[in-house]
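Coordinate analysis (summary)
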Amino acid sequence: MARVSRQSTRQSSRQSARSLSRQQTHPVDRLLPLPKLTLYGFQHVLAFYAAAVIVPILLGNAMGLSRPELVYLINADLLTCGIASIIQALGVWKIGARLPLVQGVTFTAVSPMIAIGLGAGGGTAGLLVVYGAVITAGIATFLFAPFFSRLVKYFPPVVIGTILTIIGLTLIPVGLQDAAGGARLIGDLAYGDPENLAYALGTLLFILALVRVGKPFLSSLAVLLGLVGGTAVAWFLGDVHFGAVAQADWLGVSTPFHYGMPRFELLPIVAMTVVMLITMVETTGDVYAIGEITRKKVDGDTVARALRADGVATVLGGVLNSFPYVAFAENIGLVRMSKVMSRYVVVAAGVFMIVLGLLPKAGSLVAAIPPPVLGGAAISMFGMVAAVGIQILGKVDLREERNALILAVSLGAAMLPTTVPTFFDRLPDDVQAVLDSGITLGGLTAITLNLFFNVLTGRKAMEIDWEDMADAEDPGGPAGPYVGAAVR
C-alpha cells in the first residue's frame with residue numbers, strides 16, 4: 001500500500017508539473033489544435049488578402065503591365081507574404097520577432113517604386129530596376145537592424161502611441177473606401193450606392209453582434225464569419241460572381257528572377273533605402289502594439305529580430321518578383337478583436353498564403369469577397385489599431401504641454417496627405433514619395449518633435465512598463481489568462 005501510495009504521489013506530482021507548465025506557457029507560444037489553427041489562420045488571410053494584392057495591382061497598372069503579368073505579380077506577392085509571415089512568426093536564428101505578426105507589402109514604397117519603374121522606361125524593364133533597389137534596401141535593413149534597435153529608447157509611449165494611433169486613423173479611410181464600393185468605382189455612379197453601404201453596415205453589425213452575444217470561440221471568429229456571411233448574402237442577391245475562378249489556372253509557380261536579372265542603379269537604391277528606414281519605424285510601432293495586446297515583453301532584441309525579418313523578406317521579395325515587406329498593422333487589429341494570441345496561427349496563415357500563391361484558382365476564390373463586405377470588417381479592425389495607440393497614450397501625461405504638442409502636431413501632419421491628397425502636388429516627385437504617406441509624415445513628425453522636446457533637452461522619457469499591466473478582464477477567454485491583460 002505504501003508503494004502504491006508513493007507511486008500515485010509521484011504520478012500526481014508529474015501531472016501537476018505538466019499542468020503548471022501548460023499554464024505558464026504564454027498565449028503567444030501556445031500551439032492550438034489543428035482545427036482552430038486552420039480557422040484562425042484562414043481568418044487572417046481573408047482579413048489580409050485585399051491589402052496584400054493592392055500594391056502589385058497599383059504598381060502593375062501604373063507601369064503598363066499586361067493582365068498575365070499582373071496576375072503573376074499577385075501570385076508572387078502572396079507566395080512571398082506566406083514565407084515572410086512564417087519567418088516572422090516562427091523565427092529562424094536571430095530572424096523573426098516570434099510574435100503573431102503578418103508580413104505584407106508596405107504601402108510606403110508604392111509611390112517610390114512607381115517613380116523608379118517609370119523612370120527606367122516602365123514595363124518589365126522598369127521592374128528590373130525596382131527589384132535591384134528592393135534587394136539592396138532589404139540587405140541594408142538586415143544589416144542596420146541591430147543598430148536601429150538600440151534607438152528604441154528614443155521611442156517612448158508618446159511616440160509609439162502616436163504612431164499607432166496614426167496608423168489606425170490613416171487605415172480607416174481605406175476601409176471606408178471599400179465600404180463605398182472600392183477604389184475602382186471612384187467616379188462611378190455605383191460608388192457609395194446604398195446597396196454597398198448596406199453590405200458594409202450589415203457585415204459590421206454582424207461582427208459586433210457575434211462579439212456581443214457569442215461564446216468566446218464564436219467571438220474569436222467574428223471577422224471570418226462576418227466576411228463569409230456577407231459574401232454569402234451578396235452571392236444570394238446576385239452581387240458576387242465566380243467566373244474568374246473558373247478561368248484561373250490551377251497552378252502558378254513564381255520562379256526567381258522571372259523577368260531577368262535585376263539592375264542595380266544608385267539613385268533608385270538610395271530612394272528605396274530611405275523608404276525602408278521609414279518602414280523600420282512602422283515595424284517598431286507594430287511590434288510594440290502586438291506586445292501591448294498580447295502582454296508579451298518587447299525589447300531591443302525583439303525589435304532587431306523583427307527588422308531582420310523585414311530585411312530578409314524584402315530581399316526575398318526582390319528575388320521572387322515581389323516588393324518590400326513590413327509587419328502589417330491591419331492584422332494587429334484582428335489579433336486584438338479575436339483575442340487569439342498564438343503566433344502559430346500566423347504560421348498557419350502563412351501556409352494558406354503560400355497555397356494561394358501557388359494556386360491562382362484558390363486565390364481568385366478569396367478575391368471574390370465584395371469590397372463593401374471587406375470594408376465593413378476592415379473598419380472595426382483598423383479602428384482597433386488606433387485603439388491600441390490610444391491605450392498606450394493613456395500611459396502618457398498629456399497635461400504636460402510638450403507631450404500634448406507631440407501628439408497634436410503629429411496627428412495634424414498625418415492628416416495632410418490623408419484628407420488633402422493634393423497638398424504636396426507642387427513639390428518634386430522624390431519629396432512627394434515621402435510626404436504623401438500619412439503614416440510616414442506623422443511618424444517622422446512624432447520622432448522629430450520628441451527629439452526636439454525631450455531627447456535634446458535631456459528630459460528622461462517614460463518607458464513602457466510591461467510588468468505593470470493590469471490582469472485580464474476575461475481570464476477564461478480563448479487565449480488564456482493573458483487575454484486582454486493590457487486593457488485598463
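As a reminder, the structure under discussion sits directly above these lines.
Residues numbered from 1 in each chain as written. Predicted model: local features only at pLDDT ≥ 70, side-chain atom pairs only at ≥ 80, totals over all residues. Heavy atoms only, no water.

Attention shifts here to the pattern of salt bridges. Applying the stated rule across the entire model yields 6 salt bridges. Between Asp-29 and Lys-296 there is a salt bridge, with its nearest N and O atoms 2.9 Å apart. Of this pair, Asp-29 sits in the loop between α1 (2–24) and α2 (34–62) while Lys-296 sits in the loop between α11 (266–294) and α12 (300–319); the two residues are 267 residues apart in sequence, bridging distant segments of the chain. Residue Asp-29 is classed as partly exposed on the basis of its relative accessible area, which comes to 27%. With a relative accessible area of 22%, Lys-296 lands in the partly exposed category. For the salt bridge of Asp-29 with Arg-343, the shortest nitrogen-to-oxygen distance reads 2.9 Å. (Salt bridge = Lys/Arg side-chain N within 4 Å of Asp/Glu carboxyl O. Helix = DSSP H or I, 4+ residues; strand = E, 2+ residues; numbered from the N terminus. Buried < 20%, exposed > 50% of the residue type's maximum accessible area, 1.4 Å probe, protein only.)

Counting residues in hydrophobic clusters, the biggest one holds 72 residues, and the most contacted among them are Leu-101, Ile-167 and Leu-227. Looking at this core, the element that brings in the most residues is helix α16 (residues 371–393), giving 10 residues. Other than its neighbours up to four places away in sequence, Leu-101 contacts Ser-85, Gln-88, Asp-286, Val-287, Ile-290, Ala-327, Ile-332 and Val-346. In this structure, Met-63, Tyr-259, Ile-269 and Met-276 belong to the second largest nonpolar core, which totals 47 residues. (Core = buried A, V, L, I, M, F, W, Y, C linked by side-chain atoms within 4.5 Å. Contact = heavy atoms within 4.5 Å.)

A word on unusual backbone geometry. Phi is mostly negative for residues that are not glycine, and the peptide bonds are mostly trans. Backbone geometry places Arg-295, a non-glycine residue, at a positive phi of 60 degrees. Relative to the helices and strands, Arg-295 resides in the loop between α11 and α12. The phi dihedral of Asn-321 falls on the positive side, at around 70 degrees, and the residue is not glycine. Within the element layout of this structure, Asn-321 appears in the loop between α12 and β2 (325–327). Judged by relative accessible area, which is 1%, Asn-321 ranks as buried.

Moving on: α12. Each α-helix winds once per 3.6 residues, and so residues spaced three or four apart point in a common direction. For α12, built from 20 residues, the straight-helix expectation of 28 Å at 1.5 Å per residue is met to within 8% by its first-to-last C-alpha distance of 29 Å. Buried residues dominate α12, accounting for 14 of its 20 residues. You can read the cap of α12 off the contacts: a side-chain oxygen lies 3.2 Å from the backbone nitrogen of Asp-301, and it is on Asp-299. In the segment just after α12, Asn-321 is the residue with positive phi, at about 70 degrees. (Expected span 1.5 Å × (residues − 1). Polar contact = N/O pair within 3.5 Å; in protein donor to acceptor, adjacent residues only side chain to side chain.)

On the surface, Val-233, Trp-235, Phe-236, Leu-237 and Phe-242 cluster together into a nonpolar patch covering about 570 Å² of accessible area. Within the secondary structure, Phe-242 sits in the loop between α9 (222–236) and α10 (243–247). (Patch = residues over 30% accessible without salt bridge, like charges linked within 9 Å, V, L, I, M, F, W, Y side chains within 5 Å. Areas by Shrake-Rupley, 256 points an atom, 1.4 Å probe, with all protein chains shown as cover.)

Another aspect to go through is the environment of Asp-77. Note on placement: Asp-77 falls in helix α3 (residues 67–90). Once the C-alpha coordinates of Asp-77 and Gly-357 are considered, the two residues, 280 residues apart in sequence, prove to be 7.3 Å apart.

A few words on the packing of aromatic side chains. Evaluated as defined, the whole model comprises 7 aromatic pairs. Seen from their ring centres, Tyr-131 and Phe-323 are 6.1 Å apart, and the 35 degrees between their planes marks the pair as tilted. In this pair, Tyr-131 sits in helix α5 (residues 123–149) while Phe-323 sits in the loop between α12 and β2, placing the two residues 192 residues apart along the sequence. Phe-323 carries the same exposure label as Tyr-131, and that label is buried. Of the aromatic side chains, those joined through ring pairs into one cluster are Phe-144, Phe-147 and Phe-148. (Phe/Tyr/Trp six-rings, centres within 6.5 Å; stacked < 30°, edge-to-face > 60°.)

Relative to the helices and strands, Gly-442 resides in helix α19 (residues 438–455). For the pair Gly-442 and Ile-166, spaced 276 residues apart in the sequence, the C-alpha separation amounts to 6.9 Å. Among all residues touching Gly-442, those that are not within four sequence positions of it are Ile-166, Ser-410 and Ala-414.

Glancing now at the side chain of Thr-284. Turning to its location among the elements, Thr-284 is positioned in helix α11. One polar contact links the side chain of Thr-284 to the main-chain carbonyl oxygen of Met-280, over a distance of 2.8 Å. Beyond its immediate chain neighbours, meaning those up to four positions away, Thr-284 contacts Phe-148, Ile-160 and Val-303.

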